[in-house]
Amino acid sequence: MVILQQGDYVWLDLKTGREFEVPLGAVVKLCDSGQIQVVDDEGNEHWISPQNATNIKPMHPTSVHGVEDMIRLGDLNEAGILRNLLIRYRDRLIYTNCGSRTYTGSILVAVNPYQLLPIYTAEQIRYYTNRKIGEMPPHIFAIADNCYFNMQRNNRDQCCIISGESGAGKTESTKLILQFLAAISGQHSWIEQQVLEANPILEAFGNAKTIRNDNSSRFGKYIDIHFNKRGAIEGAKIEQYLLEKSRVCRQANGERNYHIFYCMLMGMSPEQKKKLGLGKPTDYTYLTMGKCTFCDGRDDSKEYANIRSAMKVLMFTDTENGEISKLMAAILHMGNLSYEPRMYDNLDSCEVVYSGQLLTAATLLEVDCLDLQNCLTSRTIITRGETVSTPLNMVQALDVRDAFVKGIYGRLFVWIVEKINAAIYKPPSREPKTVRRSIGLLDIFGFENFHANSFEQLCINFANENLQQFFVRHVFKLEQEEYNLENINWQHIEFTDNQDALDMIALKPMNIISLIDEESKFPKGTDTTMLNKLNSQHKLNAYYIPPKNNYETQFGISHFAGIVYYETKGFLEKNRDTLHGDIIQLVHSSKNKFIKQIFQADVAMFPVALVTPLSAPFSFLQGAETRKRSPTLSSQFKRSLELLMRTLGVCQPFFVRCIKPNEYKKSMLFDRELCVRQLRYSGMMETIRIRRAGYPIRYTFVEFVDRYRVLMPGVKPAYKQGDLRGTCQRIAEAFLGRVDDWQIGKTKIFLKDHHDMMLEVERDKAITDKVILIQKVVRGFKDRSNFVKMRKSVMLIQRYWRGYRCRKRFSAMRLGFCRLQALHRSRKLFTQYHFARKRIILFQARCRGYLVRRAFRHRLWAVITIQASVRAMIARRLYKRLKGEYHRRLEAEKMRLAEEMRLSKEMSSKKAKEQAERTHQERLAQLAREDAAREIGERKEARRKKEMLQQLEKARNEPVNDSEMVDKMFGFLGVPSVVPGHEGQPPAGFEDLERSPRPMDEEDLDASLPLPEEEEEDLSEYKFAKFAATYFQGTTTHTYIRRPLKVPLLFHDDEGDQLASLAVWITILRFMGDLPEPKYHTAISDGSEKIPVMTKIYETLGKKTYKRELQALQGDAEVRPRWPIKIGKNFPPEPSRG
Ligand SMILES: Nc1ncnc2c1ncn2[C@@H]1O[C@H](COP(=O)(O)OP(=O)(O)OP(=O)(O)O)[C@@H](O)[C@H]1O
Ligand SMILES: [Mg+2]
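Presented here is an overview of the structure given in this document. Quick caveat: nothing in here was measured; it's all calculated off a predicted structure.

## Remarks on the coordination of the magnesium ion (ligand 2)
Working step 1: For the magnesium ion (ligand 2), every protein donor is listed as T171 (OG1) and S217 (OG), and the spread of their distances is 1.8 to 2.0 Å. Residue T171 is located in helix α5 (residues 170-185), and its partner S217 is located in strand β10 (residues 216-217); the two are separated by 46 residues in the primary sequence. Each member of the pair T171 and S217 is classed as buried.

## Topic: the pairing of strand β2 (residues 24-33)
Working step 1: In the sheet, strand β1 (residues 9-12) pairs with β2 via four bridges, with the strands oriented antiparallel. Note that in β2 the partner of L12 across the bridge is L24.

## A closer look at the pattern of salt bridges
Working step 1: Under the criterion given, the structure shown has 53 salt bridges.
Working step 2: In this structure, D300 and R256 form a salt bridge, with 3.0 Å as the shortest nitrogen-oxygen distance. Here the residue D300 occupies a position in helix α10 (residues 300-313), and R256 occupies one in the loop between β12 (233-241) and α7 (259-267), the gap between them amounting to 44 residues.
Working step 3: For R256, a relative accessible area of 0% gives the class buried.
Working step 4: The closest approach of N and O atoms between D402 and R401, which form a salt bridge, is 3.3 Å.
Working step 5: Note on D402: relative accessible area 6%, which makes it buried.

## Points about the site of ligand 1
Working step 1: Residues in close proximity to ligand 1 total 17 residues, the closest being N112, S166, K170, T171 and S216.
Working step 2: One of the backbone nitrogen or oxygen atoms of E172 is found 2.8 Å away from an oxygen atom of ligand 1.
Working step 3: For ligand 1, an oxygen atom lies 3.4 Å from a polar atom in the backbone of N215.
Working step 4: Protein contacts shield 87% of the accessible area of ligand 1, which totals 620 Å² for the unbound molecule.
Working step 5: Among the elements of the structure, α5 and β10 are those that each provide at least two residues to the shell around ligand 1.
Working step 6: The biggest single contributor to the shell around ligand 1 is α5, with three residues.
Working step 7: Looking at the shell around ligand 1 residue by residue, the class counts come to four nonpolar, ten polar and three charged.

## Thoughts on the packing of aromatic side chains
Working step 1: Counted under the stated rule, the structure contains 32 aromatic pairs.
Working step 2: Residues Y258 and Y409 carry aromatic rings whose centres are separated by 5.1 Å and whose planes lie at 10° to one another, so their mutual orientation is stacked. In this pair, Y258 is assigned in the loop between β12 and α7 and Y409 in helix α14 (residues 394-424), connecting sequence segments 151 residues apart. You'll find Y258 and Y409 in the same group, each marked buried.
Working step 3: Arranged with centres 5.7 Å apart and planes meeting at 40°, the rings of F555 and Y566 form a pair that is tilted. With F555 in strand β19 (residues 554-559) and Y566 in strand β20 (residues 562-567), this residue pair connects regions lying eleven residues apart in the sequence.
Working step 4: Residue class for Y566 comes out buried when judged on its relative accessible area of 0%.
Working step 5: Each residue in the set F455, Y544, F555, Y566 and F571 is aromatic and connected to the rest through ring pairs, giving one cluster.

What counts and what doesn't
- Within each chain, residues carry numbers counting from 1 in the order of the written sequence.
- Ligands are numbered from 1 and chains lettered from A, in the order in which they are written.
- Local features are withheld for residues below a pLDDT of 70 in this predicted model, meaning they are given only at 70 or higher, and side-chain atom pairs are given and counted only at 80 or more; totals for whole chains, interfaces and linings count all residues.
- For side-chain calculations, the full set of non-hydrogen atoms in the structure is used, while hydrogens and water are omitted.
- In this listing, donors mean N, O and S atoms no farther than 2.8 Å from the metal, or 3.2 Å for Na, K and Ca; water is missing from the atoms, so a site can look incomplete.
- Helix and strand definitions here come from DSSP, where helices need a minimum of 4 consecutive H or I residues and strands a minimum of 2 consecutive E residues; each element is numbered from the N-terminal end.
- Only protein chains enter the calculation, and the probe is 1.4 Å; a residue is then buried if its accessible area is under 20% of its type maximum, exposed if over 50%, and partly exposed in between.
- Should DSSP find at least two bridges between two strands, the strands are taken to pair.
- Criterion for a salt bridge: a side-chain nitrogen of Lys or Arg within 4 Å of a carboxyl oxygen of Asp or Glu.
- Throughout this document, a residue counts as near a molecule or strand when at least one of its heavy atoms sits within 4 Å of that molecule or strand.
- Polar contact is the term for a pair of N or O atoms within 3.5 Å; when the atoms are in protein, one must be able to donate a hydrogen and the other to accept it, and sequence-neighboring residues count only if both atoms are side-chain atoms.
- Computed with a 1.4 Å probe, the accessible areas rest on the Shrake-Rupley method; for each residue, only the protein chains presented here act as cover.
- For this classification, the nonpolar set comprises Ala, Val, Leu, Ile, Met, Phe, Trp, Tyr, Cys and Pro, the charged set comprises Asp, Glu, Lys and Arg, and every other residue, Gly included, is treated as polar.
- Centres within 6.5 Å make a pair out of two Phe, Tyr or Trp rings, where for Trp the six-membered ring is used; the pair is then stacked when the planes are under 30 degrees apart, edge-to-face when over 60, and tilted otherwise.

Given below as structure tokens:
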């Protein structure tokens, strides 16, 4: 008895008895009132009475919220699987794993969302790149990524089998994988672009809108993508299977013909259409059979542009495009042909009504219109050696036309695929070293079961039967066989093996396909005879369901996905898949090379027909013989399937099971029964069971040891191991435990998923440790070498730096020492000098003393002499004066006596004496006055002379003011600028000299070692006057003279120098205005002759001129008065050479 609580999840079995009904999930709403109220996953409420309590079962927690990998489901049944898909689908999680990380290949269940989910972005691609399945949420990209990395790691080809019903999303999944591989290959190359662009072309010609899918692929395809060693896409090859050709002529209600027809009519320019005689889609019978010419969400004209650009990428030339369009147009025109019944020789016949359409069709096919007409209404046969043209009745004629049209389209499609392959396929290199790996994507029609199933359906289901067998073999058979072979403890799991059905259909002798084939080749074979043969051969086979009575034309086959009844009508014709000889002949007669090319194989099958004219009869037997060589549809299909299975057999497979959630192409609508049917047919249930019970991971001992020996230090590589099995066991026991559910077989070790996970984690850890160790060592080595290199460089730099620094310090020191030496020397010299100077001064003093004394004595003597002379002169002068006075007095006495005598004559002697005495006294007074005046005058004169002498003496002793004198002399030049550095505009060309003097770098040389205090030197000794007195020659003094010198101021050996210095003096005199300007001999010009300046200069400054002038001037100067001018001590007596 189950005790339930509100909110519990349960399985609710409604027990309706329907084939695909399974219990559905429900949540308990009420359970306290005896009855239990539950709400199921569909939202319906149910009341369960205690009597019906068996209808509900508790749900395993894993089924409540769903799991990413279905082998983790607790409720491992169809209901559990279905609910898991449902709840994930409602969360828009459309992908679910089914036994991820398995050895035999992963299975991904993809439910068509019918809406664009944001899970296919470039970011998602990056997110899923290089991840393990199971590590990330399930995704189609995870499958693609694993394909790619398995291919690279295991160096094995991979394949991905994408299966599911029509509209389940196979093609979309294929495109997504392709997109991922192109992105991960990462070259953005032309070839990648070409591979991607092949899809729109294939879809245009091979896809059509059907009731189940607006873009249904009406052919199967296997795209093999080739990768080079570096993992870049190198090319691809597309294999196509069984295009549904009947769609060209007939479409079910609501369905369309192939997209390309509508795209062409909507997308072509009016001119192009006019050329091909085309109109609207509704104009054509072949396009309107399904009464549907539009497809929602599809813009045919835009698609046409895309198709054309894709064709360009894939190297379809414009001519080829034109030819394709022509054939397509011809097909449409042929579909519009109208037939009229006729009676001919009592036989039902018909005639194609002559019309524009017929003419256009014939023109486009480039055949004769009449031939086309005949071909479509009659057939040439040979009976008893005669060729007979038999008229066809209306139905037969329409069949012939349709067959022709289908033939053209089918071959055109094949040609297009070949053309695409020619662009993208590169044959493998013959060089053994260049290995090429591939990933194959199989997008093939799913199992189908309609009310009436045709021959094509049998082929499709046969293909699916093969794929199921491949799946079963991989997932179940090989697995279990291996367990048995390895002798491990294993409980066999029952699974549906479709091998027997496959044997009956195609493998064992007298199988259904071979019987149909045989009957097709048999001239008298009909669909009925074929059915009879099938019945007699297989009626006892459990997989064969014979018709219930003789009138029934259906037989059934019990496929892995259920019983399908096939309608045998038309089987043989479809299987023969050959066109009537007349049609081939017609094609041969065509002038259109393209149509001939696409029919090339058929034409080659009819060698006789080729040489005979169209109307000429040809042997039916011959035709039959040749037809033997033309393969039937079933045999072709079987062969290509075998090839495919062989290709898949060597690949590591991945499976994508696409599930269609509803028949209405609606999002978020989950049809439970439809999904159960798909899950059941896909064998998902058994898959999960075996995945869970089995050991998905296995390694050979060698592989195991080599992969995991890293976990156990000291374990040698496998090739060095003696006991591989024991080593494996030791490793497994150490890391997985003894009792866990892993097994060791004869050659392999079998592990569960989680074991692999554990070992991988440990291995990852161990490898990471080792990697870190290696990195450590390598980094250590790298850093050490770097360090050594750096140290070397540092030392070099240090060496140079130290050298430089020491050198610098040394030179500073040397400089210091030199300076010190200099100072020392200078000090020494200074002391010596001062010592010597003192001595010299002393010596000079003595000398001077001596000289002065001598001079003094001399002067004293001179003075005394002068004094004596002067005194004598004074005495003489006094004597002279006294003598004069005496004489004058004597004279006066004489005059008085004379006067007294004279007056005594006139007067008394006394009076005369008195008179004479008075006159004599006056005279004496006069003489006394004159003497006094003379004395005063003399005194005055003496005083004047004395003053003059004093003045002269004073002037001689007065210092000369040089600047005053210079100013006086050069005042006429004006006042120079007083601001230093602003002396005015410099003369042109001397600007650089005018810069203010750069301050010299100061070096404090004396800072460290002060010089000894200098004694105040008496510079009066070094006066210019003294210099002149010492060095000037002749009688020249330091004073300026205004006449030419006779000898130079200083002594010169060289006569030239002497002359030069004299000339300089003359120049100075001229400059001072003391000499007149010279008279130039050459200057006696009247202005008529032009004398060069240089000549004048030479003339003026020439030696001879100077000499001459000098002599003249010297002579002249003798007579000139002297005006001595005192010159300053700094005034240069002569210029440089003087
Ligand atoms: N992953 C997806 N995301 C969104 N829509 C999808 C996805 N897969 C399929 N579909 C939708 O479902 C439609 C049918 O898908 P698709 O053509 O791949 O089916 P199919 O299995 O190839 O059918 P058929 O056998 O008829 O070719 C697509 O046109 C698209 O609208
Ligand atoms: Mg498809």
